[in-house]
Amino acid sequence: MLAFLLRRFAGFVLMLLASAAVIFLLLDLLPGDPARFILGINASPDAVAALRLQMGLDAPALERFLQWLGGMLGGDFGMSVTQRLPVAQLIVERLAVTLPLTILAMLISMIVGLPLGILAARRRGKPADTALMVLAQTGVAVPNFWFGMLLTLVFAVTLRWLPTGGFVPWHEDWIGSLRSLVLPSLALALPQASILARVMRTALVDVMGQDFIRTARAKGMTMDEAIWRHGVRNALLPVLTILGLQFAYLVAGTIIVENVFFLPGLGRLIFNAVTERDLILVRGATMVLVVVVTATMLITDLTYAWVDPRLRVRA
Amino acid sequence: MSLKTSLTLALAGLMMTSAAALAQPTEIKIGVAFEPPALDPTAGAAEAIDVVVYQNVFEGLVRIDKDGAVQPGLAESWTVSDDGLNYSFKLHDGVTFHDGSAFDAEDVKFTFDRILAEDSVNAQKALYAPIASVEVVDPLTVDITLSRPDGLFLFNIGRGDAVIVAPESADNNATDPIGTGPFAFVQWDRGSRVILEQYGPYWGDKPALTRASFVFIGDTGAMTNALLAGDIDGTNNFAAEALPVFEGNPQFKVLVGLTEGETILATNNRKAPFDNLLVRQAMAHALDREEIIEGATYGYGAPIGTHFAPQNPDYLDLTGTYPHDVEKAKALLAEAGYPDGFSATLKLPPVAYARLSGQIIASQFAEVGIKLELVNAEFAQWLEDVFANKDFDLTIISHVEPFDIGIYANPDYYFGYDNPEFQALNETLTATTDAAERTKLVQQMQTIIAEDAVNGYLFELAQTGVWNAKLEGMWPNSPVEGVVLRDIHWTE
């Protein structure tokens, strides 16, 4: 077990180092000068030069890379060149929106998706199953931002129950904060719930055909008992994989929904930083995403081992 | 009428007026498409900075009014010497910055010294180059000496780039702006909004609004919904394609005006075949302005025939210099030695008017035999290619700086127009302060660049605001960048 943990952890660290190098290099190759972007088309060349100097853009690449890496190890992500604030602070501010949004969306998709998947598997081949799967197919096909716009039209513009977008900071009015996350998390959750329902159904149908279920049934368990005691737990592996992927996708991929609901999330921060060539900010934020995604994968792996003892030995 | 009745009536009247006063909102939420990267207007060119802070949080010695005229600001009056080289400003007494510190002549000197310093990062530093010295005469008097007369000096010191800042707070203005304006900065929820509040001890007339939020909404659909739901009260410049939703709606008013943005088909005059006047004339004849304005701005842009704002009294209508004429264009191309036309690239920055105009122009040019390859570029990359490296044939951009015809006098500027006659005229113009004389000169300059067809002159960019119908006092045009809150108020 210890060897397994060590190996996984070493892989995690190597992955981070490799990502850091790639992120740094790729962004260094990006054409476009941040100083010129800030000062615009009428700027005099000496003002642009002065700003470049002030932003520390003239040092050699290797020096800047090592400085960046060293800083991050000590928790210092550097200063944003456009916003003149510590990158770490900017990222934390945005995570206060992105993380709750992601978690809320995941919870909704699990609460909706998993029971529906189980129900469909239980009624396999029956009209309920067909209806649910048609619904899930539609849910996967509908883009989340379009669904978000639809939700806004109904619940914000017409009924005026919820705001059309924006975000109230948590410390100011946490109920308001929650209210502003309702529609976006619903929009994000719909496709995820549909995927979860489909995966849950397939996995469960698979498991229910196995010998140990027949044995359980032969011992006198009802179908429902067999599903709950043996079926669901065994069907969880593929579901966990999907959940891990979904979490990573939601943290990094909510930018379109953030735009539709003008939420100050991580996606919009990175998008604007790329446009403004605030490279240090892009690098820091991308690195945080890499950590979140690889850590999620690590946790998923560890959870496998917990759910399925066989993997601990094999790995 | 007994005393009691009249008292009751008076009281009732009082209550009614106070109830009405209470009912009158004094807050406003304004949607803006771009979030400023920082809030210091003296250290960045982003329009989004001025939109939030210009004349709201920060003020200059003078201010630009809604018609583009210079009005007294922190300086209540000034005198100019006969040679136009010495300006003596009398400052307002009793002005304080939002941190409570007093404003005086030292702050003015600090502000201009900072703009002109070696390590200055002011985006418009060049505009203030004529300033030779700034001297504090007494706490309420400042003398500014110029090295050469400058007809635009007063206008330029009224811009956001020259607002007065204090030495104690200047370095933090990017995140915590401290000015002398009628509104003080309260908080910035990055990614969502900036909140300003009326500054109690403000030296001038109190604005009607007590609180203003600028809400950042980049998506057109989201902005439309926010307006319809009443989550925001207006937006200063909304996407033209979304306006029909509001035009027939009595709850809203659509304000159509013009910006200072001359949108041009910028042409690399250094490069063959564009160094040939005949080719440029042919391109000018190939353009159909009406079609471009209809297609790229939904009809809201105003046609221009030169690099000057049509709402300016000195504007000369030169749209007829090279009227749309396909045959003439072909003949000119043949005369220039391109009977079969030629191929070129058109680099487009990521703004809707440029991308749309680009497609229309490509089809118009195809009719005369000029094949354009459209290349979409991201803004930072476009700046690098076009402005820094001058690596382009044609591009489309709106020049939003007011009175910027002087850029044609700089042969190193990106479109590379080098005409000594024009340069001499520009020098005379900057040294001229007499209004009538300036008009004559500036019209001469407009004519030269129009006839030389330096760039393709397309349209003046419109400003299309959508506001709650009960709001008054917004500027329809934007002679300078900014959403000036001082006159905005709610009516019943």
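Residues numbered from 1 in each chain as written. Chains lettered and ligands numbered in written order. Predicted model: local features only at pLDDT ≥ 70, side-chain atom pairs only at ≥ 80, totals over all residues.

### Concerning helix H11 (residues 379-388) of chain B
For H11(B), the buried fraction is high: seven of the ten residues fall into the buried class. Turning to H11(B), its buried residues are Ala380(B), Trp382(B), Leu383(B), Glu384(B), Asp385(B), Val386(B) and Phe387(B). The inward-facing, buried residues of H11(B) abut helix H2 (34-39) and helix H12 (266-275) of chain A together with strand E14 (343-348) and strand E16 (394-399) of chain B. Backbone geometry just after H11(B) places Lys390(B) at a positive phi near 50 degrees. (Buried ≥ 20, exposed ≤ 12 C-beta atoms within 10 Å, placed from the backbone. Helix = DSSP H or I, 4+ residues; strand = E, 2+ residues; numbered from the N terminus. Contact = placed C-beta atoms within 7 Å.)

### Focus on the environment of Ile396(B)
Inspection of the secondary structure puts Ile396(B) in strand E16. Separated by 62 residues in sequence, Ile396(B) and Leu458(B) place their C-alpha atoms 9.3 Å apart.

### Focus: the environment of Phe147(A)
All names here are of chain A. Mapped onto the elements, Phe 147 comes out in helix H7 (residues 144-158). With 20 C-beta atoms counted inside 10 Å, the residue Phe 147 sits in the buried group. Spatially, the C-alpha atoms of Phe 147 and Leu 190 are 8.3 Å apart, while their sequence positions differ by 43 residues. Residues within four places of Phe 147 in sequence aside, it is in contact with Val 142, Ala 187 and Leu 190.

### Side note on the sheet that holds strand E5 (residues 86-91) of chain B
All names here are of chain B. Taken in spatial order, the four strands of this open sheet run E4-E5-E7-E6, and their pairing is antiparallel. Sheet topology places strand E4 (75-80) and strand E6 (131-138) at the edges, where each strand pairs with a single neighbour. On average, each strand axis in the sheet is inclined to that of its neighbour by 20 degrees, with strand direction left out of account. Examined bridge by bridge, E6 and strand E7 (residues 141-146) share six bridges and lie antiparallel to one another. Its bridge partner being in E7, Glu 135 is matched across the sheet by Asp 143. Those strands touched by helix H3 (residues 105-116) are E5, E6 and E7, and its axis lies near 165 degrees from that of E6. (Pairing = 2+ DSSP bridges. Axes fitted to C-alpha atoms, helices over the stretch in contact; angles between N-to-C directions.)

### Section: the domain arrangement of chain B
All names here are of chain B. On domain assignment, one finds that chain B holds domain 1 (27-32 + 177-257 + 469-490), domain 2 (61-167) and domain 3 (258-462). Computed from C-alpha coordinates alone, the two centres of domain 2 and domain 3 are separated by 34 Å. On the side of domain 3, eight residues touch domain 2, which itself brings eight residues to the contact. A breakdown of the residues in the side of domain 2 that touches domain 3 according to their chemical character gives three nonpolar, three polar and two charged. (Domains from an automatic or database assignment. Nonpolar A, V, L, I, M, F, W, Y, C, P; charged D, E, K, R; others polar.)

### Structural notes on the interface of chain A and chain B
Listed as interface residues are 45 residues of chain A and, on the opposing side, 38 residues of chain B. Looking at the side of chain A that touches chain B element by element, the count peaks at five residues for H7(A). Residues of the side of chain A that touches chain B, tallied by class, amount to 23 nonpolar, 13 polar and nine charged.

### Quick word on the nonpolar core
Residues and elements named next belong to chain A. Counting 216 residues, the largest nonpolar core has Leu 39, Met 200, Val 239 and Ala 285 as the members making the most contacts within it. Sorting elements by how many residues they give to this core places helix H8 (residues 174-208) first, with 16 residues. Beyond its immediate stretch of four places on either side in the chain, Val 239 contacts Leu 196, Val 199, Met 200 and Ala 203. (Core = buried A, V, L, I, M, F, W, Y, C linked by C-beta atoms within 7 Å.)

### Things to note about unusual backbone geometry
In the segment running from Ala272(B) into Pro273(B), the intervening peptide bond is cis, with an omega of 0 degrees. Inspection of the secondary structure puts Pro273(B) in the loop between strand E12 (252-267) and helix H7 (277-286). One non-glycine residue, Arg160(A), lies in the positive phi region at around 55 degrees. With respect to the helices and strands, the residue Arg160(A) is situated in the loop between H7 and H8. The phi angle at Phe403(B) is positive, at roughly 45 degrees, despite the residue not being glycine.

### Overview of the UniProt feature "domain: Solute-binding protein family" (unreviewed entry) in chain B
The UniProt feature table records "domain: Solute-binding protein family" (unreviewed entry) at residues 70-399 of chain B. Along residues 70-399 of chain B, the helical share is 26% and the strand share 26%, with 21 Å between the first and last C-alpha atoms. (UniProt positions renumbered as here; feature names shortened; annotations may be inferred.)

### Side note on the packing of helix H8 (residues 289-297) of chain B against helix H10 (residues 352-368) of chain B
All names here are of chain B. Relative orientation of the contacting elements H8 and H10 amounts to 140 degrees, with a least axis distance of 8 Å. Taken together, the axes of H8 and H10 are oblique relative to one another. Between H8 and H10 the crossing geometry is right-handed. From H8, Glu 291, Ile 292, Gly 295, Ala 296 and Thr 297 reach across to H10, where they touch Tyr 353, Leu 356, Ser 357, Ile 360 and Ile 361. Residue composition of the contact of H8 with H10, by class: six nonpolar, three polar and one charged. (Parallel < 35°, antiparallel > 145°, perpendicular 65-115°, else oblique. Left-handed = near helix turned anticlockwise from the far one by under 90°.)

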